[in-house]
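Survey of secondary and tertiary structure
In case you want the letters, here they are:
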Amino acid sequence: NPHYSSYFSTLGGTPMSTDPNTARADDLGRTIAARRKDLGVTQEDLAALTGLSTRSIGQLELGQTNPRLSSLLVVLTALGLDLTITTRSATKGAS
């Protein structure tokens, strides 16, 4: 799925495209980081809770990784967050 890969793809911290989906990866990462900090959990703590590496947590928070859905769900669950999927309209303003 090209949308999924562009959603998370980065190269050296710089988005590989100007696709608006890339910005969503950054938003997701900021949301995860903010929730982690609100809970008083360090990246190291979250890594231990999820079985992921500290580096993976950092990259996820910066939008610099293409995580497996299972890994993303483990992180979201550990932080008490949900993943919601919505249908996107093909044109602006369509309902």
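Notes on the structure follow. (Residues numbered from 1 in each chain as written. Predicted model: local features only at pLDDT ≥ 70, side-chain atom pairs only at ≥ 80, totals over all residues. Heavy atoms only, no water.)

A cluster of nonpolar side chains, Leu69, Leu73, Leu83 and Ile85, forms an exposed patch at the surface whose accessible area comes to about 390 Å². What makes isoleucine 85 exposed here is its relative accessible area of 74%. (Patch = residues over 30% accessible without salt bridge, like charges linked within 9 Å, V, L, I, M, F, W, Y side chains within 5 Å. Areas by Shrake-Rupley, 256 points an atom, 1.4 Å probe, with all protein chains shown as cover. Salt bridge = Lys/Arg side-chain N within 4 Å of Asp/Glu carboxyl O. Buried < 20%, exposed > 50% of the residue type's maximum accessible area, 1.4 Å probe, protein only.)

Of the residues making up helix α4 (residues 54–61), those classed as buried are Ile57, Gly58, Leu60 and Glu61. Taken down its axis, α4 places every buried residue within 160° of arc, on the same side. (Helix = DSSP H or I, 4+ residues; strand = E, 2+ residues; numbered from the N terminus. Arc of directions from axis to C-beta.)

Here we take up the pattern of salt bridges. For the structure on display, the rule yields 2 salt bridges. Between arginine 30 and aspartate 27 there is a salt bridge, and its shortest N-O distance comes to 2.5 Å. Of the two residues, arginine 30 and aspartate 27 both sit in helix α2 (residues 20–38), 3 residues apart, roughly one turn of that helix. The exposure class assigned to aspartate 27 is partly exposed, which follows from its relative accessible area of 40%. For glutamate 61, the salt bridge goes to arginine 36, with nearest N and O atoms at 2.5 Å. Here glutamate 61, found in helix α4, pairs with arginine 36, found in helix α2; they are 25 residues apart in sequence, far enough to count as distant.

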